[in-house]
Amino acid sequence: MSHAMSDDQVAGELKKMTAFIRQEALEKAKEIEIKADEEFAIEKSKLVRQETSSIDSQYAKKHKQASMSQQITRSTLANKTRIKVLSARQELLDELFEKARDKLASYSEDKGKYEGMCRGLILEGLYALNEDKVTVRARKVDYDIVKKAINGAKKEYKENLEKDVNVELDEKNPQPEGSPGGVSIVGGGGKIDINNTLDERLKLLETDALPMVRTILFGKNENRRFYD
């Protein structure tokens, strides 16, 4: 037979139930807190990885841009330097040939050497034309020297080829007086003109001897693979 609980017993039971519920609530709250901390840590780690990846990506992109910018800068500076060097070299070569051009007029001052040079220039034209009759053009001031040179060239030509050649001085068509000297040998009925003036020979020298002059002045071009 059950007995009714006293007020003290009821209060004791209520206290036990309250303590149990409170403990359950605390444990549940702790469980929720732990789970929340785990989820926070996971989310935080995820966000950190995303941000790190984003930063790495941005850094790689900026590094690539900086590297390309440096390459472009180096290439630009190298090209500018190369152009300056080539320009300076060309100026030096132009100055060299200009000085040579200024000295051309002085070659005719030594009459003996100038006559020998004209004889060689005329003889060169005679060999090239290989004709029986040619004419020679020269400056008026050189007529006397060129006439002697013609006689010497004719004699040497005959000695070497064992045949005569008729060489006349064309006094109707002289070389310009501003010319530094030299001669032109005309054959083929006036259609072939071998220009052996000093000015023209220097122009040929600028073209033909330029690679050799460059090598003498600046050394061999390491980037050049073929040579004539």
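The numbering scheme is per chain: residues are counted from 1 as the chain's sequence reads. A pLDDT threshold of at least 70 governs which residues receive local features in this predicted model, and a stricter bar of 80 or more applies before side-chain atom pairs are shown or counted, although totals over entire chains, interfaces and linings include all residues. To get the side-chain values, all heavy atoms of the structure are used, and hydrogens and water are removed first.

For the protein chain, an unreviewed UniProt entry supplies the name Vacuolar ATP synthase subunit E and the organism Letharia lupina. UniProt positions are given in the numbering used here, feature names are shortened, and annotations may be inferred rather than shown by experiment. Quoted verbatim from the Sequence similarities (unreviewed entry) heading of the UniProt record, the comment on the protein chain is "Belongs to the V-ATPase E subunit family."

Participant: Can you lay out the side chain of Asn196 for me, pointing to particular residues and giving the numbers?
Facilitator: Every helix listed is a DSSP run of H or I at least four residues long, and every strand listed is a run of E at least two residues long, numbered separately from the N terminus. Here Asn196 lies in strand β4 (residues 192–197). Any pair of nitrogen or oxygen atoms within 3.5 Å is treated as a polar contact; in protein, a donor-acceptor pairing is required on top of that, and neighbouring residues in sequence qualify only through side-chain atoms on both sides. One polar contact links the side chain of Asn196 to the main-chain carbonyl oxygen of Leu121, over a distance of 3.0 Å. The contacts of Asn196, once residues within four sequence positions are left out, are Leu121, Glu124, Gly125, Gly182, Val183, Ser184, Ile185 and Arg201. Two residues qualify as a contact provided that any one of their heavy atoms is within 4.5 Å of a heavy atom in the partner residue.

Participant: Give a description of the sheet that holds β4 that names residues and reports values.
Facilitator: Here, any two strands with at least 2 DSSP bridges between them count as paired. Taking strand neighbours across the sheet as the criterion, the four strands line up as β2-β1-β3-β4 in an open arrangement whose pairing is mixed. With one partner strand each, in any of the chains shown, β2 (166–169) and β4 form the two edges of the open sheet. Here the strands of the sheet are splayed against their neighbours by 20° on average, with no regard to which way each runs. By the bridge criterion, six bridges tie strand β3 (residues 182–187) to β4 in an arrangement that is antiparallel. Bridging across to β4, Gly182 finds its partner in Thr197. Every axis in this analysis is a line fitted to C-alpha atoms, fitted for helices over the stretch in contact. Angles between the N-to-C directions lie between 0 and 180 degrees. Relative to β3, helix α2 (residues 111–129) is tilted by about 20°, and along the sheet it contacts β1 (133–137), β2, β3 and β4. Along the sheet, helix α3 (residues 143–161) makes contact with β1, β2 and β3, crossing β2 at roughly 175°.

Participant: Describe the packing of α2 against α3, naming the residues involved and giving the relevant values.
Facilitator: Between α2 and α3, whose axes approach to 8 Å, the crossing angle comes to 50°. With respect to α3, the axis of α2 lies oblique. The crossing of α2 and α3 is right-handed. For the pair α2 and α3, contact is made by Lys111, Tyr114, Glu115, Cys118, Arg119, Ile122, Leu123, Leu126 and Tyr127 and by Ile145, Val146, Lys148, Ala149, Ile150, Gly152, Ala153, Glu156, Tyr157, Asn160 and Leu161, respectively. For classification purposes, an angle smaller than 35 degrees is called roughly parallel, one larger than 145 roughly antiparallel, one from 65 to 115 roughly perpendicular, and anything else oblique. We call a crossing left-handed when the near helix sits turned anticlockwise from the far one by less than a right angle, and right-handed when that turn is clockwise.

Participant: I'd like to hear about the nonpolar core, residue by residue, with values.
Facilitator: Ranked by size, the top nonpolar core spans 26 residues in total, and within it Ile122, Leu126, Val136, Val146 and Val183 carry the most contacts. Setting aside chain neighbours within four positions, we find Val146 in contact with Cys118, Ile122, Val136, Ala138, Leu169 and Val183. Take the buried residues of types Ala, Val, Leu, Ile, Met, Phe, Trp, Tyr and Cys, join any two whose side-chain atoms come within 4.5 Å, and each joined set is a nonpolar core. Only protein chains enter the accessibility calculation, which uses a 1.4 Å probe; a residue whose area is less than 20% of its type maximum is buried, one above 50% is exposed, and one in between is partly exposed.

Participant: Explain α2 to me, using residue names and the numbers behind them.
Facilitator: Compared with an ideal rise of 1.5 Å per residue, which puts 19 residues at 27 Å, α2 spans 27 Å between its outermost C-alpha atoms and is within 8% of the ideal. By the burial criterion, the buried members of α2 are Tyr114, Cys118, Leu121, Ile122, Leu123, Gly125, Leu126 and Leu129. Once α2 ends, the next one or two residues include Asn130, with phi positive near 50°. Under the convention used throughout, the expected extent of a helix is 1.5 Å for every residue step, that is, one less than its residue count.

Participant: Before we move on, could you go through the pattern of salt bridges and cite the residues and values that matter?
Facilitator: A pair is scored as a salt bridge if a Lys or Arg side-chain nitrogen falls within 4 Å of a carboxyl oxygen belonging to Asp or Glu. With the rule as written, the count across this model stands at seven salt bridges. Across the pair Asp170 and Arg137 runs a salt bridge, and its minimum N-O distance is 3.2 Å. In this pair, Asp170 sits in the loop between β2 and β3 while Arg137 sits in strand β1, placing the two residues 33 residues apart along the sequence. Using a relative accessible area of 15% as the deciding quantity, one classes Asp170 as buried. When the shortest N-O distance is used, the salt bridge between Glu171 and Lys147 registers 3.5 Å. Note that Glu171 is positioned in the loop between β2 and β3 and Lys147 in helix α3, a separation of 24 residues in sequence.

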